[in-house]
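Observations on the three-dimensional arrangement
Spelled out from the first residue to the last, the chains are:
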Amino acid sequence: MILTLPPFYSDMDSSTSAGLDRVHADRPRLAALAWAHFLNDGAANYLPGVLPAILVSLNLSVTYAGLFMAALLIGQALQPLTGLLADRIGGRLFIVVGLAGASIGGALVGLMPNRWSLLGLLIATGLCNSLFHPQSLAAVRAIGGRRHGGSMSIFLVGGEIGRGAWPVIASWLVTARGLHALWLIAIPSLLTLPVLWRYAPAAAPRPREATPLHLRAHAGPLARLVAFCALRSVMILSVVTFLPVLWHQGGGSLTGGASFITVLLLVGIIGNLGGGRAGDRIGRRPVIITAIVAGVALLAGFMGASGLLAWVLLALLGVALFSTLPLTVLIAQDILPENRSMGSGLALGFSNALGALGVVALGPVADVWGVSMALWAAVICGGLAIPLALSLPHGGRVVEA
């Protein structure tokens, strides 16, 4: 019996008849991409769950927590360039190579003998991550049917589950068998690669007659969108990076600190799914504004909470912040309809890289004034994102036929 999946149609030029306006999503391919996203983001982003153990193993201060996270994410600054190249050549090569490289890089983290080799490995892993995302995000837009927000949410949820679950899995491995056991993380991805190579959507190359890219014409809305996404990224990455360290400094276990990340990211799935659907129904900007205001209030409340209330506020923070993720990617793709992979790279990868630089700057703050001060600085960054949210483009509401 031969498994046959439907052909992949590119809708890179939504203003012409070059693509097929699908009513329903291509669910088998969407599921395959979501699974690949789970593996990619899990293997490439479990680092916060084992950072305390790495710092102890290499005898390093908490300043290096921000530096290591930045090294992992700085390669994502290249996502606009890899997205531009992906738009030109089409296919599925970047999806497969990105997953392979990110997974192998994640497997080698526990084998690095010093800080410099670890920094180099994390940069290389981030570069591979920059290959995977733009082409995948453009493919999801093309096969997602008319309800782009819902389909984009499903894909992004795969990544969020990976980023939420793998830190705990990695911390269990390290606690039970040591840092060297992290190589086991690559096994699921390596087994998936042949299937992904055969069945992942293959995007059509950008047509030669397509409208040329004019970044200057879109500079204003793109700059506001990227700034908003970068400040949101500072909020998320600060919690993910510094909260496990704060927990460990207070005598908590490695797995306990990783559990904070799991709660933030996995409960954030509710926001990811709900945000995409709400954007389809009432428009993207109202959802984004409401979510970022709520996110600032929740993070501030979390800083003064304890016990069960702290866990509840952290979970709600994940819902608020991650509800904006699919909507900002779609806004970027709408700003650059002829280069959707590049738009995706700007809204996700490049913005995350800028957010990572912000976390680097907060590392010395955490070292000198305490980890709590770094988290309060993240609250301020969220406040700065609110006026940017008010200036984002309208759009996204699906009008029922």
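Residues numbered from 1 in each chain as written. Predicted model: local features only at pLDDT ≥ 70, side-chain atom pairs only at ≥ 80, totals over all residues. Heavy atoms only, no water.

Let us now look at the pattern of salt bridges. Enumeration according to the criterion identifies 1 salt bridge in this entry. With a closest N to O distance of 2.4 Å, Asp334 and Arg284 form a salt bridge. Of this pair, Asp334 sits in helix α13 (residues 325–335) while Arg284 is found in helix α11 (residues 284–303), placing the two residues 50 residues apart along the sequence. (Salt bridge = Lys/Arg side-chain N within 4 Å of Asp/Glu carboxyl O. Helix = DSSP H or I, 4+ residues; strand = E, 2+ residues; numbered from the N terminus.)

Formed by 114 residues in total, the largest nonpolar core has its most connected members in Leu47, Ile54, Phe68, Val109, Phe228 and Leu314. In terms of residue count, helix α9 (residues 219–249) provides more of this core than any other element does, 15 residues in total. Not counting residues up to four positions away in its chain, the partners in contact with Phe228 are Ile288, Ile292, Thr328, Ala385, Leu388, Ala389 and Leu392. (Core = buried A, V, L, I, M, F, W, Y, C linked by side-chain atoms within 4.5 Å. Buried < 20%, exposed > 50% of the residue type's maximum accessible area, 1.4 Å probe, protein only. Contact = heavy atoms within 4.5 Å.)

Another aspect to go through is the packing of α11 against helix α12 (residues 307–322). In the contact formed by α11 and α12, the axes pass within 9 Å of each other and the chain directions differ by 160°. Put simply, α11 runs roughly antiparallel to α12. α12 is crossed by α11, and the crossing has left-handed handedness. Of the residues in α12, those touching α11 at Ala291, Ile292, Ala294, Gly295, Leu298, Leu299, Gly301 and Phe302 are Ala310, Leu313, Leu314, Leu316, Leu317, Ala320 and Leu321. (Axes fitted to C-alpha atoms, helices over the stretch in contact; angles between N-to-C directions. Parallel < 35°, antiparallel > 145°, perpendicular 65-115°, else oblique. Left-handed = near helix turned anticlockwise from the far one by under 90°.)

What follows concerns empty space enclosed by the protein. By the definition in use, this model includes 4 cavities of 30 Å³ or more. If you go around the largest cavity, you meet 19 residues; those closest to its centre are Glu160, Arg163, Leu325, Leu348 and Asn352. Counting residues per element, the lining of the largest cavity draws most heavily on α9, at 5 residues. Among the residues making up the lining of the largest cavity, the classes are represented as 8 nonpolar, 7 polar and 4 charged. Its volume calculated, the second largest cavity comes out at about 90 Å³. Asn45, Pro48, Met69, Leu73, Arg163, Leu237, Val240, Ile261 and Leu265 together form the lining of the second largest cavity. Of all the elements in the fold, those that place two or more residues in the lining of the second largest cavity are α3 (63–74), α9 and α10 (254–282). Partitioning the lining of the second largest cavity into residue classes produces 7 nonpolar, 1 polar and 1 charged. (1 Å grid on protein atoms, 1.4 Å probe; cavity = no way out; pocket = protein on both sides within 12 Å on 5 of 7 lines; lining within 4 Å. Points joined across faces, edges and corners; volume = space filled by probe spheres on them. Nonpolar A, V, L, I, M, F, W, Y, C, P; charged D, E, K, R; others polar.)

A separate point is the environment of Arg232. Residue position: Arg232 is located in helix α9. Arg232 gets classed as buried once you look at its relative accessible area, which sits at 3%. Placed 146 residues apart in sequence, Arg232 and Ala378 show a C-alpha to C-alpha distance of 8.8 Å. The contact partners of Arg232, leaving out residues within four places of it in the chain, are Leu321, Thr324, Leu325, Thr328 and Ala347.

Time to look at the packing of α3 against helix α14 (residues 340–369). Between α3 and α14, whose axes approach to 7 Å, the crossing angle comes to 170°. Relative to α14, the element α3 is oriented roughly antiparallel. Residues Thr63, Gly66, Leu67, Met69, Ala70, Leu73 and Ile74 of α3 form the contact with α14, whose own contacting residues are Asn352, Ala353, Ala356, Leu357, Val359, Val360, Gly363, Pro364 and Asp367. Across the contact of α3 with α14, the residue classes tally to 11 nonpolar, 4 polar and 1 charged.

Quick look at the packing of aromatic side chains now. Under the definition given, this model contains 3 aromatic pairs. With centroids separated by 5.3 Å and ring planes inclined at 25°, the aromatic side chains of Trp35 and Phe38 adopt a geometry described as stacked. In this pair, Trp35 and Phe38 both sit in helix α1 (residues 27–44), 3 residues apart, roughly one turn of the helix. Its relative accessible area of 41% is what places Trp35 among the partly exposed residues. A centroid spacing of 6.1 Å and a plane angle of 55° characterise the contact between Phe38 and Trp166, whose relative ring orientation is tilted. One end of the pair, Phe38, is in helix α1; the other, Trp166, is in helix α7 (residues 148–177), and 128 residues separate them in sequence. Grouping residues by exposure puts Phe38 and Trp166 together as buried. By the ring-pair criterion, three or more aromatic residues cluster together here, those being Trp35, Phe38 and Trp166. (Phe/Tyr/Trp six-rings, centres within 6.5 Å; stacked < 30°, edge-to-face > 60°.)

This part is about helix α2 (residues 47–57). Counting buried residues along α2, 9 of its 11 residues qualify, which places the element largely inside the surrounding structure. Leu47, Pro48, Gly49, Val50, Leu51, Pro52, Ala53, Ile54 and Leu55 are the residues of α2 that are buried. Once α2 finishes, Asn59 follows within two positions and takes phi at roughly 55°, a positive value.

A word on the side chain of Asn40. Its location among the elements puts Asn40 in helix α1. For Asn40, a relative accessible area of 0% gives the class buried. There is a polar contact of 2.5 Å between the side chain of Asn40 and the side chain of Asn129. (Polar contact = N/O pair within 3.5 Å; in protein donor to acceptor, adjacent residues only side chain to side chain.)

A separate point is unusual backbone geometry. Phi is positive for Asn59, close to 55°, though the residue is something other than glycine. Tracing the chain through its elements places Asn59 in the loop between α2 and α3.

End to end, α3 covers 17 Å across 12 residues, agreeing with the expected 16 Å (1.5 Å per residue, within 8%). Contacts made by the buried residues of α3 are with α1, α2, α6 (115–143), α9 and α14. (Expected span 1.5 Å × (residues − 1).)

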